[in-house]
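Each chain is listed here by its residues.
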Amino acid sequence: MKTLDIISQPESPLTKKSTKLDSFVGNTPLYPIQNLDIKEDVKVFAKLEWQQFGGSVKTRAAYRIIQDAIERGELTEGKHLLDASSGNTGIAYAHIGAALGIPVTLCLPENASEERKQILRSLDVNLKLTSRAGGTDEAQEVAKEIYEQNPSQYYYADQYSNPSNWKAHYDTTGPEILDQTNYDVTHFIAGLGTTGTFTGTGRFLKTYKQEIELIALQPDIAMHGLEGWKHLETAHTPAIFDDSVADVMQTVSTEEAHETMKLAAQKEGLLISPSSAANLAGALRLARQLEEGTIVTLFPDDSSKYGEVTNQLFK
Ligand SMILES: Cc1ncc(COP(=O)(O)O)c(C=O)c1O
């Protein structure tokens, strides 16, 4: 009898390298908020997302986007990873790109802070600066144009439309939260940027238990200071956004977030970013309304990239 030889495709060098960082992505600690006058039967926890490779929550999405694109054969040796990001996703792409040998091109508004541009330059990113007035929406349009002019040179990641973004949270953040709370979480609350974190984590938690309440947060006005968040009424709605995921939508003001940054520093010893503080503000508001429950949120990053805010707040 004849046997069939199975001829396997040789693994590309990128595929081999793409899992190199697995143990340094995600698996962040769940920190109990302890000193902010929360009732005895109410618990508030936050995942310290800066404690992973690349320094923010966005490493989860960026890593998964890259891995999925390599697996589909869309991101191949020598191609540039291209996207629009003024902040943490760009920084995550840059760290991962440097570690895996993938060149990175990023479109970002010219008013992104000097600290951020310096980090990106240090990691050898090819920067295309777009106008301040156009914000991240214009940066997205420019990234798309660059891709369309030369599709063979780039893999356009498009984090706002890329399902790998929310799937990263469905497969990692959600399960980590269940595990770290011993399957005892009653509320998940987080802000919306690309919406990947909220959508992926929320969808996963609902598959475990429908009763877990999902609270989405937004800035209260269009011109806000909550870096990483989107004001959905006035900005482009990300294609991955699914408005059926949230049970409740609430707003947080920049002022409330800044006050909460001070509280977190003085009472908890945590130096957190404005969007982390906005998440905490939402969680504390909710905690005051409950008699019992376990509320989980995330701290997307720490305060180290927000000198323009901390210099004012902590004079
Ligand atoms: C500091 C910060 N907070 C919050 C978010 C929102 O996360 P997501 O894009 O998953 O909605 C981001 C996203 O870039 C961010 O950088």
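Residues numbered from 1 in each chain as written. Predicted model: local features only at pLDDT ≥ 70, side-chain atom pairs only at ≥ 80, totals over all residues. Heavy atoms only, no water.

Explain the pairing of strand S8 (residues 213-219) to me, using residue names and the numbers behind them.
Summarising burial for S8: six of the seven residues are buried, a large majority. Crossover strand S7 (residues 187-191) to S8 through helix H7 (residues 196-208) is right-handed. Inspection of the sheet shows S8 paired to strand S9 (residues 248-252) by five bridges, in the parallel sense. Note on S9: the bridge partner recorded for Pro219 is Val252. (Buried < 20%, exposed > 50% of the residue type's maximum accessible area, 1.4 Å probe, protein only. Helix = DSSP H or I, 4+ residues; strand = E, 2+ residues; numbered from the N terminus. Right-handed = clockwise from strand over helix to strand, strands pointing away. Pairing = 2+ DSSP bridges.)

Tell me about the sheet that holds strand S2 (residues 42-48), residues and numbers included.
Overall, mixed pairing links the six strands, which are arranged S1-S2-S10-S7-S8-S9 in an open sheet. Single-partner strands in this sheet number two, and they are strand S1 (30-32) and S9. Strand-to-strand twist across the sheet, computed as the mean angle between neighbouring axes with direction ignored, equals 25 degrees. Against the sheet, H7 contacts S7, S8 and strand S10 (293-299), and its axis sits at roughly 170 degrees relative to S7. On top of the sheet, helix H9 (residues 274-289) reaches S2, S7, S8, S9 and S10; it is set at about 170 degrees to S10, its chief contact. (Axes fitted to C-alpha atoms, helices over the stretch in contact; angles between N-to-C directions. Contact = heavy atoms within 4.5 Å.)

Describe in detail the pattern of salt bridges, supporting the description with residues and values.
Enumeration according to the criterion identifies 15 salt bridges in this entry. Put simply, Glu291 and Lys39 hold a salt bridge, and the shortest N to O gap is 3.9 Å. With Glu291 in the loop between H9 and S10 and Lys39 in the loop between S1 and S2, this pair connects stretches of sequence that are 252 residues apart. When the shortest N-O distance is used, the salt bridge between Glu114 and Lys117 registers 3.4 Å. Here the residue Glu114 and the residue Lys117 both occupy positions in helix H4 (residues 114-122), the gap between them amounting to three residues, near one helical turn. (Salt bridge = Lys/Arg side-chain N within 4 Å of Asp/Glu carboxyl O.)

Requested: an account of the site of the ligand, with residues and values cited.
Inspection of the region around the ligand gives 15 residues, with Lys58, Gly193, Thr194, Thr197 and Ser275 positioned closest. A distance of 2.6 Å is found between an oxygen atom of the ligand and a side-chain nitrogen or oxygen belonging to Thr194. One nitrogen or oxygen atom from the side chain of Thr197 is found 2.5 Å from an oxygen atom belonging to the ligand. Its free accessible area being 380 Å², the ligand has 94% of it covered by the protein chains. Grouping the constituent residues of the shell around the ligand by class yields four nonpolar, eight polar and three charged. (Near = heavy atom within 4 Å. Polar contact = N/O pair within 3.5 Å; in protein donor to acceptor, adjacent residues only side chain to side chain. Areas by Shrake-Rupley, 256 points an atom, 1.4 Å probe, with all protein chains shown as cover. Nonpolar A, V, L, I, M, F, W, Y, C, P; charged D, E, K, R; others polar.)

Help me get a handle on the packing of aromatic side chains, residues and values and all.
Counted by the stated rule, this structure contains five aromatic pairs. A centroid spacing of 6.1 Å and a plane angle of 20 degrees characterise the contact between Phe188 and Phe198, whose relative ring orientation is stacked. Placement of the pair is Phe188 in strand S7 and Phe198 in helix H7, with a sequence separation of 10 residues. When sorted by exposure, Phe188 lands in the same class as Phe198, which is buried. Of the aromatic side chains, those joined through ring pairs into one cluster are Trp166, Tyr170 and Phe204. A cation over an aromatic ring shows up here: Arg203 above the ring of Trp166, its NZ or CZ 4.4 Å from the ring centre. (Phe/Tyr/Trp six-rings, centres within 6.5 Å; stacked < 30°, edge-to-face > 60°. Lys NZ or Arg CZ within 6 Å of the ring centre and 35° of its normal.)

Explain unusual backbone geometry to me, using residue names and the numbers behind them.
Even without being glycine, Asp124 reaches a positive phi, approximately 70 degrees. Relative to the elements of secondary structure, Asp124 occurs in the loop between H4 and strand S5 (126-130). A positive phi angle, near 85 degrees, is found at Thr195, a position not held by glycine. Residue position: Thr195 is located in the loop between S7 and H7. You can call Thr195 buried: its relative accessible area is 2%.

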